[in-house]
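Below are the chains, spelled out letter by letter.
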Amino acid sequence: MKFTHELTYDASPADVYAMLSDPAFREEVCRAQQVVSAEVTLTPRDAGGFHLVVDQVQDTAGLPSIARRITGDTTQAVVEEDWSNRSGGTVSVTSPGKPTSATGTVVLEAAGPGAAGTREVVELDVKVKVPLVGGKLEALMADNIKKGLEVEQGVGTAWLAGAR
């Protein structure tokens, strides 16, 4: 299943990149997403960009029973971003031991001609390898990713406004 989500910020691409490459911001996003636990590892690259790993445990209480049969009461999600430069890179979301994955790209760019701000575009290929219900579970996974990105945008908007 193809998934695309756009986040917008009223700040320059340089300011948004600085926020996204700050481990404290990533930890704040995890708190706002109300994950059970999270470990954030962010390594800057000498030539620009960074490598991020967010290893988190999420509560699955709000998921339908069909999904909870696969995940259990909690599930581990490992989000990995590999930014090759200040304008983007690759993203993957995996759940070790589970038949789910999402892989794709993240791009950071100016909002457009005559527009102020920054667009962050996330494009993923979401896969759940479960016979018969995989498509339904992919849609559910994509929806959960979207909700997480919406929380991230809310935290980011406050962060960039200085309300942290």
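What this report covers is the structure whose coordinates are included nearby.

As for helix α2 (residues 23-32)
Residues of α2 that are buried: Phe25, Arg26, Val29 and Cys30. One side of α2 carries all its buried residues, which in axial view fall inside an arc of 145°. Packed against the buried residues of α2 are α1 (13-20), β2 (37-44), β3 (50-59), β4 (74-85) and α4 (134-160). Structurally, the start of α2 carries an N-cap: the backbone nitrogen of Ala24 is 2.8 Å from a side-chain oxygen of Asp22. Among the residues trailing α2, Gln34 stands out with phi positive, at a value near 60°.

Re the pairing of strand β1 (residues 2-9)
Only one face of β1 is covered, namely the one carrying Phe3, His5, Leu7 and Tyr9; the face carrying Lys2, Thr4, Glu6 and Thr8 has none of its residues buried. Two strands pair when backbone bridges link them, and β1 and strand β7 (residues 118-128) are joined in this way by 8 bridges, in the antiparallel orientation. Bridge pairing in β7 places Thr8 opposite Arg119.

Procedures and definitions
- Sequence order as written defines residue numbering, which begins from 1 separately in each chain.
- Per-residue local features are limited, in this predicted model, to residues with pLDDT of at least 70; the limit for side-chain atom pairs, both in listing and counting, is 80 or more; totals at the level of whole chains, interfaces and linings are taken over all residues.
- Just so you know, side-chain values use all the structure's heavy atoms and leave hydrogens and water out.
- Under the scheme applied here, a residue whose accessible area is under 20% of the maximum for its type counts as buried, over 50% as exposed, and between as partly exposed, the area being computed with a 1.4 Å probe on protein chains only.
- Only DSSP runs of H or I covering at least 4 residues are called helices, and only runs of E covering at least 2 are called strands; the numbering of each starts at the N terminus.
- Summarising the geometry, the arc corresponds to the directions from the helix axis toward the C-beta atoms.
- In what follows, a contact means two residues having at least one pair of non-hydrogen atoms within 4.5 Å.
- Two N or O atoms count as a polar contact when they lie within 3.5 Å, although within protein this holds only if one can serve as hydrogen donor and the other as acceptor, and sequence-adjacent residues are included solely when both atoms are side-chain atoms.
- At least two bridges found by DSSP between two strands are what make those strands a pair.

Geometric values such as these leave the question of function open.
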